[in-house]
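# Breakdown of the fold
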Amino acid sequence: MKPLKLGNIEAKVPIIQGGMGIGISLGGLAGAVALEGGIGIISAAQIGYREPDFDTDTKAANLRAIKKEYEKARAIAPDGIIGFNLMVAMRCYEDYVRAAVEAGADIIVSGAGLPTALPGIVGDAKVKLAPIVSTEKSAKVLLKYWDKKYKRVPDLLVIEGPHAGGHLGFAREKLLEFNDFSVYSEEVRRILATVKDYEKKYEKKIPTALGGGIDTPEAVKEAFSLGVDAIQAATRFVTTEECDADIRYKESYINARKEDIIIVKSPVGMPGRAINNKMMKRIAAGEQIPHSPCHRCLHRCAPAQIPYCITDALIHAAKGEVEDALLFCGANAYRAERLETVREVMDDLKKLL
């Protein structure tokens, strides 16, 4: 096991805790992971949902909470690597990126769309940039655009596979095609070959991380055997004592069976992976779920037409109101049997390295 070097910073343990919103990976979880030598990631998605003015001034609440949660994580891990996950699909994306930089983030991980504009938003800030890609095509588009527009490459490229939780970077038919990890491994190799082309051009190392269903020591070992420099894990960290979610959300993973984990359609059209529950069954039956006034969270959302509000559903999840929630999870969430500590998860994931 080698440390993950990102320019002038170094993670002793090459494990990145994936960002999970709303309110699943906040300062508590990110700080705990960073304290153990990994990279802790705070999800900025509607991060201010607990602020008193969230319903009346969502943007202000989110901007305030970005600073609060970063400071919470930094207090836990004064010398650790702490960053934010920021979705390109979010409204006010640019403002949230700038707020993360101002808060002091070491790294910004960005997906849910290609973060083509990210280098231009951060400018000369020292923050490390880690775009998320899922296919060779998206990697080529992103790397070519950054090369041509900004004359730079990512500080870290995160490859997120088809077994990840939450919104997925694949069309439904591609999810089926890549369901076998060995098939997706070939896609990973093609992405890494593309990365090598830009390493040669820039005469520098571009570190890579692989995520999506990497939840066992064996999966970690297999990921590193493909040639990546780090792994990203999220689902394993949900059922930890330090995870910021309500205990009932964590218990929904522990109680889930394999057949309970399904692919759902997000209100904004993207496929996602979640635990089947009463709410998902109501939606599958064609029911429209009443929702709160629009919080203007995502670009591609028409409040009058959506079957349910994703902000409402994910806030229900974070609060433990699990039957009225969208319970995002990775493909292997059903394997969780008990609550663990972050240290236990980290020790387990790296034990074969």
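First, a word on what this report is: a plain description of the structure on this page. Here the structure is a predicted model, which means the values were calculated and not measured.

Turning next to the pattern of salt bridges. Tallied over the full model, the rule gives 28 salt bridges. Of the charged contacts in the structure, one is a salt bridge between Glu186 and Arg189, with a shortest N-O distance of 2.7 Å. Taken together, the residues Glu186 and Arg189, both in helix α7 (residues 181-202) and three residues apart, mark about one turn of the helix. Residue class for Arg189 comes out partly exposed when judged on its relative accessible area of 39%. Of the charged contacts, one joins Glu259 and Arg257 as a salt bridge, the two residues approaching to 3.7 Å between their closest N and O atoms. Owing to a relative accessible area of 49%, Arg257 belongs among the partly exposed residues under this scheme. Several salt bridges converge on common partners, so that one network encompasses Arg236, Arg338, Glu340, Glu344, Asp348 and Lys351.

A word on the nonpolar core. Soluble, globular proteins show a tendency: their nonpolar side chains are buried together. Judged by nonpolar contacts, the single largest core of 105 residues is most densely connected at Phe84, Leu86, Ile108, Leu210, Phe237 and Leu326. When residues in this core are grouped by element, the largest group, seven residues, is from α7. Those residues within four positions of Leu86 in sequence are excluded, and the remaining contacts are Ala44, Tyr93, Tyr96, Val97, Ala100, Ile108, Val109, Ser110 and Gly111. Among the nonpolar cores identified, the runner-up in size contains 16 residues, and Ile9, Ala11, Ile107 and Ala130 belong to it.

Along the chain, the position of Lys128 falls in strand β7 (residues 128-133). Among buried Asp, Glu, Lys and Arg side chains, Lys128 stands out as unpaired, with Asp155 the closest opposite charge at 4.8 Å. Of the polar contacts made by the side chain of Lys128, one reaches the side chain of Asn8; its length is 2.8 Å.

Axis separation between helix α1 (residues 27-35) and helix α2 (residues 58-76) bottoms out at 8 Å; the angle between their running directions is 30 degrees. Between α1 and α2, the interaxial angle falls into the category roughly parallel. Considering the relative orientation of α1 and α2, their crossing is right-handed. Counting all contacts with α1, which are made through Gly27, Gly28, Ala30, Gly31, Ala32 and Leu35, the residues of α2 involved are Glu69, Lys72, Ala73 and Ile76. The residue makeup of the contact of α1 with α2, split by class, is five nonpolar, three polar and two charged.

Attention shifts here to unusual backbone geometry. A cis amide bond, omega 5 degrees, links Gly21 with the succeeding residue Ile22. Of note, Ile22 is situated in the loop between β3 (15-17) and α1. At Gln46, a position not held by glycine, the phi torsion is positive, near 45 degrees. Mapped onto the fold, Gln46 is located in the loop between β4 (39-43) and α2. A positive phi is found at Ala112, a non-glycine position, where the angle reads about 55 degrees. For Ala112, the position within the fold is in the loop between β6 (107-111) and α4 (118-122). The exposure class assigned to Ala112 is partly exposed, which follows from its relative accessible area of 29%.

Turning our attention to the environment of His316. With respect to the element layout, His316 can be found in helix α12 (residues 310-319). A C-alpha to C-alpha distance of 9.3 Å links His316 and Tyr249, two positions 67 residues apart in sequence. When residues no more than four places from it in sequence are discounted, the contact partners of His316 are Glu321, Asp324 and Ala325.

Another aspect to go through is the packing of aromatic side chains. Evaluation of the coordinates by the stated rule reveals four aromatic pairs. Taken together, a centroid distance of 5.3 Å and an interplanar angle of 45 degrees make the contact between Tyr249 and Tyr253 tilted. Highlighted residues: Tyr249 and Tyr253, both in helix α10 (residues 247-255), separated by four residues, approximately one helical turn. Here the two residues Tyr249 and Tyr253 agree in accessibility, since each one is buried.

So, on to α7. The end-to-end C-alpha distance of α7 is 31 Å, a good match for the 32 Å that 22 residues give at a rise of 1.5 Å each. By the burial criterion, the buried members of α7 are Phe181, Tyr184, Ser185, Glu187, Val188, Ile191, Leu192, Thr194, Val195, Tyr198 and Glu199. Looking at the buried residues of α7, the elements they touch are α5 (136-150), β8 (157-160), β10 (208-211) and α8 (217-225). Looking one or two residues beyond α7, the residue adopting positive phi is Glu203, at roughly 55 degrees.

What counts and what doesn't
- Residues numbered from 1 in each chain as written.
- Predicted model: local features only at pLDDT ≥ 70, side-chain atom pairs only at ≥ 80, totals over all residues.
- Heavy atoms only, no water.
- Salt bridge = Lys/Arg side-chain N within 4 Å of Asp/Glu carboxyl O.
- Helix = DSSP H or I, 4+ residues; strand = E, 2+ residues; numbered from the N terminus.
- Buried < 20%, exposed > 50% of the residue type's maximum accessible area, 1.4 Å probe, protein only.
- Core = buried A, V, L, I, M, F, W, Y, C linked by side-chain atoms within 4.5 Å.
- Contact = heavy atoms within 4.5 Å.
- Lys, Arg positive; Asp, Glu negative; His and termini not counted.
- Polar contact = N/O pair within 3.5 Å; in protein donor to acceptor, adjacent residues only side chain to side chain.
- Axes fitted to C-alpha atoms, helices over the stretch in contact; angles between N-to-C directions.
- Parallel < 35°, antiparallel > 145°, perpendicular 65-115°, else oblique.
- Left-handed = near helix turned anticlockwise from the far one by under 90°.
- Nonpolar A, V, L, I, M, F, W, Y, C, P; charged D, E, K, R; others polar.
- Phe/Tyr/Trp six-rings, centres within 6.5 Å; stacked < 30°, edge-to-face > 60°.
- Expected span 1.5 Å × (residues − 1).

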